[in-house]
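# Reading the structure
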Amino acid sequence: MSGQNKILIVDDDIITRYIAKLIFKDNFEVLEAENGQVALTLLDRHRQDLVFIICDVSMPVMDGFTFLKEKNKFIYNNGIPVIIITSVEIGRASCRERV
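Residues numbered from 1 in each chain as written. Predicted model: local features only at pLDDT ≥ 70, side-chain atom pairs only at ≥ 80, totals over all residues. Heavy atoms only, no water.

### Examining the confidence of the model for the chain
With 84% of its residues at a pLDDT of 70 or more, the chain shows a mean pLDDT of 87. Predicted confidence in the chain is weakest over helix α4 (residues 92-98), with a mean pLDDT of 51, and strongest over strand β1 (residues 6-10), with 98. (pLDDT = per-residue confidence, 0-100. Helix = DSSP H or I, 4+ residues; strand = E, 2+ residues; numbered from the N terminus.)

Shown next, in the form of structure tokens:
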């Protein structure tokens, strides 16, 4: 699937990653990361082919907000849209402060 449009699913929950993969596998090559640190490595390798990223907020090792901060340190990563998902209630003000 080299050269195919790719998406990156970042979530520590294997079931969530599996469901996302089922949803998108017919149209995209789906890359998976169990935390933000692994996601940064995959982002570095595949940034030119990434169409978008789906990222959980609450994860061990590196959470979604830290991943976003690290991702956005490099201008060439800023054009990749990120969809944030979470099962934890977070207020709008708190969310804006973290990103």
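### Observations concerning the packing of aromatic side chains
What the rule picks out here adds up to 3 aromatic pairs. Measuring from centroid to centroid gives 6.2 Å for phenylalanine 24 and phenylalanine 28, while their planes differ by 65°, and the two rings are edge-to-face. Given a relative accessible area of 16%, phenylalanine 28 falls into the buried group. Centre to centre, the rings of phenylalanine 28 and phenylalanine 52 are 5.7 Å apart; their planes meet at 85°, and the pair counts as edge-to-face. A residue pair is termed long-range when its members are at least 10 positions apart, and phenylalanine 28 in the loop between α1 (14-24) and β2 (29-33) and phenylalanine 52 in strand β3 (residues 50-56) qualify at 24 residues. Exposure class is identical for phenylalanine 28 and phenylalanine 52. Each is buried. Among the aromatic residues, those joined into a cluster by ring pairs are Phe24, Phe28 and Phe52. (Phe/Tyr/Trp six-rings, centres within 6.5 Å; stacked < 30°, edge-to-face > 60°. Buried < 20%, exposed > 50% of the residue type's maximum accessible area, 1.4 Å probe, protein only.)

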